[in-house]
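Secondary and tertiary structure notes
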Amino acid sequence: MTAEAPLRVETAAGLRAWSEAERCAGRRVGLVPTMGALHAGHVSLVRRARLECERTAVSIFVNPLQFGPSEDFERYPRRLDTDLAVLRAEGVDVAYLPSVDGMYPPGATARVRVAELDDVLEGACRPGHFEGVATIVLKLFEAARPDRAYFGQKDAQQAAVVTRLARDLDTGVEIVVCPTVREPDGLALSSRNVYLAGDERRAALCLVDALRAANERYGDGERDPAALRAAMHAVLAAEPMARVDYAEVVDDATFRPPGRLAVLAVRIGATRLIDNHHLGEPL
Ligand code: AMP
């Protein structure tokens, strides 16, 4: 049996009407926000939503607000047709496909900020990024009014920002954070992996190798954050193609030490990759 194509919705009002009808009929609505170029990581979120909610909506929107002026907004991969085929095969009910002009009409200047989390690590490297994320996520919550929303541990600091936003602004949305899906060799799946050319794909393994090194030290009983951090930096320094933005061990709610979440951001050529791991868990 072929699954039905998802209903395509392009406006917030359209999505709200659909969601309202579903919730009135007693069905829970799950939302999976994405920027498209869907891969097995996104699919894992969709499957979890389908397990836990009677209805699932997936948004595909490359959000200009969360890209810096010198970042890859223009060249970010866009593959709507293949994405819609994935959503259909997964039995998704609604594909929410807003336009940039519809989301940010002239004069739309309201922004959402999650203080304290947005000025460290990923927030410090990408000024304005988390404001863009928080703003779009609140807009998606207002449009979809979901019972639950699904995010990936791959973007750990984003998950923390969204969790705090959902709580602090009384959204009533339950945030579910799903495990990172990896390639067989350990590379975390990312829409940006398509940028990796030639030797860069091999070099990109230094991220997971650095996490493994810290995890091994942790497994041997090492608890000194400086030593765990040094274990990551030693691996990264051995990869000539890697330029490290940060590699730290922090708390997974505040993104400051002390903690046991190893987080890192590394540029391989022109491609910036991030990854993380809770030390002490298998990798
Ligand atoms: P993106 O399309 O990159 O904005 O990602 C949409 C959602 O998918 C975010 O919540 C990501 O954290 C999540 N995601 C991206 N890559 C992975 C992965 N490898 N494993 C699990 N979730 C992921």
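Here, every reference points to the structure presented above.
Each value, and the rule that gives it
Residues numbered from 1 in each chain as written. Predicted model: local features only at pLDDT ≥ 70, side-chain atom pairs only at ≥ 80, totals over all residues. Heavy atoms only, no water. Pairing = 2+ DSSP bridges. Helix = DSSP H or I, 4+ residues; strand = E, 2+ residues; numbered from the N terminus. Axes fitted to C-alpha atoms, helices over the stretch in contact; angles between N-to-C directions. Contact = heavy atoms within 4.5 Å. Buried < 20%, exposed > 50% of the residue type's maximum accessible area, 1.4 Å probe, protein only. Arc of directions from axis to C-beta. Phe/Tyr/Trp six-rings, centres within 6.5 Å; stacked < 30°, edge-to-face > 60°. Lys NZ or Arg CZ within 6 Å of the ring centre and 35° of its normal. Expected span 1.5 Å × (residues − 1). Polar contact = N/O pair within 3.5 Å; in protein donor to acceptor, adjacent residues only side chain to side chain. Near = heavy atom within 4 Å. Nonpolar A, V, L, I, M, F, W, Y, C, P; charged D, E, K, R; others polar. Salt bridge = Lys/Arg side-chain N within 4 Å of Asp/Glu carboxyl O.

**Section: the sheet that holds strand 7 (residues 242–250)**
Across the sheet, which stays open at both edges, the 3 strands sit in the order 7-8-9 with antiparallel pairing between neighbours. For this open sheet the edge positions go to strand 7 and strand 9 (271–278), each flanked by a neighbour on one side alone. Sheet twist, expressed as the average angle between the axes of neighbouring strands with direction ignored, equals 10°. By the bridge criterion, 8 bridges tie strand 8 (residues 261–268) to strand 9 in an arrangement that is antiparallel. Within the sheet, the bridge partner assigned to leucine 264 lies in strand 9 and is aspartate 275. Each of strand 7, strand 8 and strand 9 is contacted by helix 9 (residues 205–219), which is oriented at about 25° to strand 9, the strand it contacts most. Where helix 10 (residues 225–237) meets the sheet, it contacts strand 7 and strand 8, and its direction lies at approximately 165° from that of strand 7.

**A few points about helix 3 (residues 80–89)**
Three or more residues of helix 3 are buried, namely Asp83, Leu84 and Leu87. End-on view of helix 3: buried residues confined to an arc of 100°, all on one side of the axis. With respect to the buried face of helix 3, the exposed residues turned more than 90 degrees away are Asp81 and Ala89. Close packing links the buried residues of helix 3 with strand 1 (7–9), strand 3 (55–60) and strand 4 (94–96). Of the residues flanking the end of helix 3, it is glycine 91, one or two places downstream, whose phi is positive at about 75°.

**Some remarks on the packing of aromatic side chains**
Enumeration according to the criterion identifies 3 aromatic pairs in this entry. Residues phenylalanine 67 and tyrosine 76 carry aromatic rings whose centres are separated by 5.8 Å and whose planes lie at 75° to one another, so their mutual orientation is edge-to-face. Ring-pair connections join several aromatic residues into one group, and the members of that group are Phe67, Phe73 and Tyr76. Arginine 75 extends its terminal NZ or CZ atom over the ring of tyrosine 195, reaching a point 4.0 Å from the ring centre. Across the ring face of phenylalanine 73, the terminal group of arginine 78 is positioned such that the distance to the ring centre comes to 4.9 Å.

**Some thoughts on helix 10**
An ideal rise of 1.5 Å per residue puts 18 Å on 13 residues; helix 10 measures up with 18 Å between its terminal C-alpha atoms. All of the buried residues in helix 10 are Ala227, Leu228, Ala231, Met232 and Leu236. Turning to helix 10, the residues buried within the fold contact helix 9, strand 7 and strand 8. Here helix 10 starts with a cap whose side-chain oxygen sits 3.1 Å from the backbone nitrogen of alanine 226, and that cap is aspartate 224.

**Let's talk about the site of the ligand**
As a matter of local geometry, the ligand sits amid 17 residues, with Met35, His42, Asp155, Val181 and Leu189 nearest to it. Measuring from an oxygen atom of the ligand, one finds a side-chain N or O atom of aspartate 155 at 2.7 Å. One of the backbone N or O atoms of leucine 189 is found 2.9 Å from a nitrogen atom in the ligand. Listing elements by their share of the shell around the ligand, those giving two or more residues are strand 2 (29–34), helix 2 (40–52) and strand 5 (148–152). With 3 residues, helix 2 is the largest single contributor of residues to the shell around the ligand. Of the residues in the shell around the ligand, the class split is 8 nonpolar, 7 polar and 2 charged.

**Concerning the pattern of salt bridges**
Applying the stated criterion across every chain yields a total of 23 salt bridges. Here arginine 47 makes a salt bridge to glutamate 90, at a shortest N to O gap of 2.7 Å. Taken together, the residues arginine 47 in helix 2 and glutamate 90 in the loop between helix 3 and strand 4 connect sequence positions 43 residues apart. If you follow the salt bridges from partner to partner, you end up with Arg48, Glu52, Arg148 and Glu174 in one network.

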